[in-house]
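A closer look at the structure
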Amino acid sequence: MNNIFDIKETNTLVDRIHKLNPSSQALWGKMSVDQMLAHCNVTYELIYEDKHPKPNNFKKMLLKLFVKSVVVNEKPYKKNGRTAPEFLITDTKIFDEEKQRLIDYLNKTQELGADHFDGKESHSFGRLTTQEWNNMFYKHLNHHLSQFGV
């Protein structure tokens, strides 16, 4: 799995994001490019913003038991997989704003570095290792950039 905490990898992801434009078309799935960017931003909103309610203890237990391993392992996501309700984006977003937010979140994550995330509590899965954070960050973004051919 590529290391999102490596500046070269962050720069590669940012370069891929810059290849998108408002008319970029998905190779699969239903999201438009602006929705995809907003969808990817949710991952970082859960870390850096206080805009999503935390799951109750029962839901968090279910997420840890049934979802966590799929999200933090190194196995790529399948095309057209199910999306958690918090990640569903159905309205039109402003492409340039979502693109810049995603780049800013990537840069912030890279600047904070791997040590910042080691043992850090996630919104839904409890404490994660640096490798689990990396896998979650990288594979989700890589999946969606590949969805749009970049």
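The paragraphs below set out a description of the structure included in this document. Everything numeric here is computed off the predicted structure, so don't read it as measured data.

1. A closer look at the packing of aromatic side chains
Each pair of aromatic rings is reported with the distance of its centres and the angle of its planes. Applying the stated criterion across every chain yields a total of eight aromatic pairs. Their ring planes at 75 degrees and their centres at 6.3 Å tell us that Phe-5 and Phe-137 sit as a pair that is edge-to-face. Placement of the pair is Phe-5 in the segment before α1 (7–18) and Phe-137 in helix α6 (residues 130–147), with a sequence separation of 132 residues. Residues Phe-5 and Phe-137 agree in their burial class; the two are buried. Ring-pair connections join several aromatic residues into one group, and the members of that group are Phe-5, Tyr-44, Tyr-48, Tyr-105, Phe-117, Trp-133 and Phe-137.

2. Details of the packing of helix α2 (residues 33–48) against α6
Between α2 and α6, the shortest axis-to-axis distance is 10 Å and the interhelical angle comes to 170 degrees. Classified by the interaxial angle, the pair formed by α2 and α6 is roughly antiparallel. Of the residues in α6, those in contact with Met-36, His-39, Cys-40, Thr-43, Tyr-44 and Ile-47 of α2 are Trp-133, Phe-137, His-140, Leu-141, His-144, Leu-145 and Gln-147.

3. Thoughts on the nonpolar core
Formed by 33 residues in total, the largest nonpolar core has its most connected members in Leu-20 and Met-36. For this core, the secondary-structure elements that each account for two or more residues are α1, α2, α4 (68–72), α5 (95–117) and α6. The dominant element in this core, judged by the number of residues it contributes, is α2, at seven residues. In this structure Met-36 touches Leu-20, Met-31, His-144, Leu-145, Gln-147 and Phe-148, once residues within four positions along its chain are discounted. If you look at the next biggest cluster of nonpolar residues, it comprises five residues, including Ala-38, Val-42, Leu-46 and Ile-89.

Thresholds applied
- Residues numbered from 1 in each chain as written.
- Predicted model: local features only at pLDDT ≥ 70, side-chain atom pairs only at ≥ 80, totals over all residues.
- Heavy atoms only, no water.
- Phe/Tyr/Trp six-rings, centres within 6.5 Å; stacked < 30°, edge-to-face > 60°.
- Helix = DSSP H or I, 4+ residues; strand = E, 2+ residues; numbered from the N terminus.
- Buried < 20%, exposed > 50% of the residue type's maximum accessible area, 1.4 Å probe, protein only.
- Axes fitted to C-alpha atoms, helices over the stretch in contact; angles between N-to-C directions.
- Parallel < 35°, antiparallel > 145°, perpendicular 65-115°, else oblique.
- Contact = heavy atoms within 4.5 Å.
- Core = buried A, V, L, I, M, F, W, Y, C linked by side-chain atoms within 4.5 Å.

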